[in-house]
Amino acid sequence: MNRENIIEKTVKDWTQIESTFSEEKLGWCLTHCQSKFWQRGDRWYFSNANDATVFLLKHSENHEGSRVKTF
């Protein structure tokens, strides 16, 4: 199993947000997330649903069309 498959298997149960990448968002996650997160392209995964909620509230006004997927 390659690295990407292992990571995707790990994050499949995390809260997923589809939102364009920006360095501002990545910096926010590195500074404010209380738990693990993973970003790939326009997909952001958060192991802590509260981190995902705050991320979405903080950045949704900047990027219309952000979508949340929970599993």
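Predicted model, so just to flag it, every value in this text is computed and none were measured.

(A) Here's a closer look at the environment of Lys 36. With respect to the helices and strands, Lys 36 occurs in the loop between α2 (23-32) and β2 (37-40). On a C-alpha basis, the gap between Lys 36 and Ser 47 in space is 5.5 Å, while along the polypeptide they are 11 residues apart. Once you skip the residues sitting within four places of it in the chain, Lys 36 turns out to touch Trp 14, Tyr 45, Phe 46, Ser 47 and Asn 48.

(B) Seen up close, the nonpolar core. In terms of nonpolar packing, the biggest core is built from eight residues, these being Ile 17, Trp 28, Cys 29, Cys 33, Trp 44, Phe 46, Ala 52 and Phe 55. Breaking this core down by element, the ones donating at least two residues are α2, β3 (43-46) and α3 (49-59). In terms of nonpolar packing, the next biggest core, distinct from the first, is built from five residues, Val 11, Trp 14, Trp 38 and Tyr 45 among them.

(C) Seen up close, the environment of Gln 16. Examined against the element boundaries, Gln 16 turns out to sit in strand β1 (residues 15-18). The spatial distance from the C-alpha of Gln 16 to the C-alpha of Trp 38 is 9.5 Å, given a sequence separation of 22 residues. Within the structure, the side chain of Gln 16 is placed 3.5 Å from the side chain of Glu 18, a separation counted as a polar contact.

(D) Expanded view of the packing of aromatic side chains. With the rule as written, the count across this model stands at six aromatic pairs. Through pairs of rings, three or more aromatic residues link up here, namely Phe 21, Trp 28, Phe 37, Trp 44, Phe 46 and Phe 55.

(E) Local environment of the pairing of β2. Alignment of β2 against β3, held across four bridges, turns out to be antiparallel. The partner of Gln 39 across the bridge, within β3, is Trp 44. The loop that links β2 with its antiparallel partner β3 comprises two residues; one of these, Gly 41, has a positive phi angle of about 65°.

(F) Representation of the pattern of salt bridges within the structure. Taken as a whole, this structure holds one salt bridge when the rule is applied. For Asp 13, the salt bridge identified is with Lys 12, shortest N-O distance 3.9 Å. We classify Asp 13 as exposed; its relative accessible area is 54%.

Rules behind the numbers
- Residues numbered from 1 in each chain as written.
- Predicted model: local features only at pLDDT ≥ 70, side-chain atom pairs only at ≥ 80, totals over all residues.
- Heavy atoms only, no water.
- Helix = DSSP H or I, 4+ residues; strand = E, 2+ residues; numbered from the N terminus.
- Contact = heavy atoms within 4.5 Å.
- Core = buried A, V, L, I, M, F, W, Y, C linked by side-chain atoms within 4.5 Å.
- Buried < 20%, exposed > 50% of the residue type's maximum accessible area, 1.4 Å probe, protein only.
- Polar contact = N/O pair within 3.5 Å; in protein donor to acceptor, adjacent residues only side chain to side chain.
- Phe/Tyr/Trp six-rings, centres within 6.5 Å; stacked < 30°, edge-to-face > 60°.
- Pairing = 2+ DSSP bridges.
- Salt bridge = Lys/Arg side-chain N within 4 Å of Asp/Glu carboxyl O.

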